[in-house]
Amino acid sequence: MGSAFSRRRMLGSLAGGALLVSTATAQVGHASPGHRRPTTPGHRLPDPGTVDATDPALLSAVEAASLLHAGRLHPKELLDACLARTREFDGLTSAWVRLYPEFAYAGADAAGERLTRARSEGTPAPDVCGLPIALKDIFAVSGLPLTASSRVLEGNIAAGHSGVWSKLEDAGAILMGHAHTDEFAIGVATPQVGNPWNTEMSPGGSSGGSAAVLAARFAPLAVGSDTGGSVRLPASACGISSIKPTYGRITSHGMIPLTWTRDHVGPMARSLADASMMLSALATVDVDDPITALGPPVPAGGYPLAAKGGALPLAGVRLGLPPSDLPPSLQTLFDDAIQVARSLGAEVVSVVMPPTPTSLATGDVVEMGSYHRQFADRIGLYRPERVTSVGAAVASLAVPVVDYLMLERDRLRYQYDYNRLFADNDLDAVMIPGTRVDGALREEFLGVSVTEGVPGDVKWANYSGAPVVTLPVGRSSATGMPFGVQLGARPWQDERIIEIGLELQEAIPVWRDLPDLAPAPGAAPEVLQVAPGPGPDPTNTVDAAAPLRTPPMNAMD
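So, how was this worked out
Residues numbered from 1 in each chain as written. Predicted model: local features only at pLDDT ≥ 70, side-chain atom pairs only at ≥ 80, totals over all residues. Heavy atoms only, no water. Buried < 20%, exposed > 50% of the residue type's maximum accessible area, 1.4 Å probe, protein only. Helix = DSSP H or I, 4+ residues; strand = E, 2+ residues; numbered from the N terminus. Pairing = 2+ DSSP bridges. Axes fitted to C-alpha atoms, helices over the stretch in contact; angles between N-to-C directions. Parallel < 35°, antiparallel > 145°, perpendicular 65-115°, else oblique. Contact = heavy atoms within 4.5 Å. Nonpolar A, V, L, I, M, F, W, Y, C, P; charged D, E, K, R; others polar. Salt bridge = Lys/Arg side-chain N within 4 Å of Asp/Glu carboxyl O. Polar contact = N/O pair within 3.5 Å; in protein donor to acceptor, adjacent residues only side chain to side chain.

Asker: Before we go on, may I ask you to explain the pairing of strand S11 (residues 482-488) in this structure?
Answerer: In the case of a regular strand, side chains alternate between the two sheet surfaces. Judged by how many residues are buried, S11 sits mostly within the fold: seven of seven residues are covered. Neither face of S11 is exposed, since Pro482, Gly484, Gln486 and Gly488 on one face and Phe483, Val485 and Leu487 on the opposite face are all buried. Where strand S9 (residues 429-433) and S11 come together, four bridges link them in antiparallel fashion. Along S11, the bridge assignment pairs Pro433 with Val485. Between strand S10 (residues 468-475) and S11, which follow one another and run antiparallel, lie six residues, and Gly480 among them has a positive phi close to 80°.

As structure tokens, this is what we get:
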């Protein structure tokens, strides 16, 4: 162990490792944090008296939640505003693949009754109750279409609820619609969607539709997925915030997979506080996804919603800074963010990230092929730039099983090296640019897979399983496009990295900036719920359930 491996860090590592062993049983009976009213200032919704509700669609999620719980805003009023804004402006962004107004208004009525009952009985409703949400078009909702934004699944109807939607529906959230994804969440461009800051530019991918919904203020919350930066790259490109939690922190049951051992469900929102609030509703045990029982319980009162503030709120925090290679316009923004972190008390030290084993890319392709082989007779329906990669993925199934198992061994070695980086440098977090690209045209990265990591330094977080928050820090002086930073911690340190991110975002509140949208009526079809598909998987496809999922290491053992 290096000499910088402090007693504080050692105890933290051992505690994290013990939690993996001891909490699987304890968390099963753990109450959903959405049903507990926070008691500490950092976990409370803002005072409703401080919230300006001139246009409900422009409210952040925590602001809207404050008004909803206080009875100063009804869920139908908020939904009205979000749908009206969508219908007025989505024609150029095309963020939505489908809208579900009838389904949403039924949810708004139910949420309104629940909030009224909670106020009269003095029993708290979940924080997300009454909030409109966009789901990436890979999360199943029974009786609604699920197409992964691909002609391959045209006409597909979900057979049941994904674990993500089950938790959000139980908490009273309102599903507005499915947002576009790069086809089957494979790519980094989402070319069918325009970035609200400049609709000729890409919103990033693969969760580009979810990010565009948020940046355009069509909904206050969205859910994406991250296999190789797919919530982080769009967050940086669109000036919004995201959380890629620890692998296994959120259920992936009923989600169309890309690669099971790298797929992470990711809350996306306008601010980090908003995303943190949704994480509290999602990060609980799902009996259909056993890995969700293996981590530590959600913090009492949920994840933090506000910065602690003060003169030096990051005093004692050590940030690791790997080398970066950015265009001058982005390097200036990144350097400015580093200086802000220092001004808040953080100590910034230079580090070198462990190299990613090249062998892991083979495992990614094998996992992708094992799902997409069911569509071999529909290969011509994929977007032209995807045909070759999907065909190669299916062909990769000839890789011997023993080779695949050795690739999983390499993944464990990488996780160990990542944790060693933190131990040897006594780090609390690493700080990494959200992207290497100062804006990209909608089809500039057409055909690039998220497993390649071309537009940004992102693969480290999926292979390590570590939690990462991404938050905006400004807009480029060269292009005017947003730019964000990633803050990553060790596995299961989700609460700590959110705390650090909230302090930085409080000091750089550019997430409140609003893109100037030109009126352009939206054209997303408005769809009714029908009978569920036959299943048995909620996605109404086969081989969607992960055959192998293991929690990431935290302790240095």
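Asker: What should I look at first to understand the packing of helix H10 (residues 360-372) against helix H11 (residues 384-395) in this one?
Answerer: The geometry of a pair of packed helices is captured by two quantities: the angle between their axes and the separation between those axes. Two elements in contact, H10 and H11, have axes whose closest approach is 7 Å; the angle formed by their N-to-C orientations is 95°. On the basis of their axis angle, the class for H10 and H11 is roughly perpendicular. Contacts between H10 and H11 involve Val365, Met368, Gly369 and His372 from the former and Ser389, Val390, Ala392, Ala393 and Val394 from the latter. In the contact of H10 with H11, the residues fall into six nonpolar, three polar and no charged.

Asker: Please explain the pattern of salt bridges as it appears in this structure.
Answerer: When charged atoms on two side chains of opposite charge get close, those side chains can pair. Taken as a whole, this structure holds 17 salt bridges when the rule is applied. Of the charged contacts in the structure, one is a salt bridge between Arg512 and Glu63, with a shortest N-O distance of 3.2 Å. Separated by 449 residues along the polypeptide, Arg512 in the segment after helix H14 (494-507) and Glu63 in helix H2 (residues 61-70) bring together distant segments of the chain. Judged by its relative accessible area of 15%, Glu63 is buried.

Asker: Would you take a moment to explain the side chain of Thr227 for this structure?
Answerer: Following the sequence through the fold, Thr227 ends up in the loop between strand S4 (221-226) and helix H7 (232-238). Only 2.5 Å separates the side chain of Thr227 from the side chain of Asp263, close enough to count as a polar contact. Residues in contact with Thr227, not counting those within four places in the same chain, are Leu258, Thr259, Arg262, Asp263, Val450 and Asn462.

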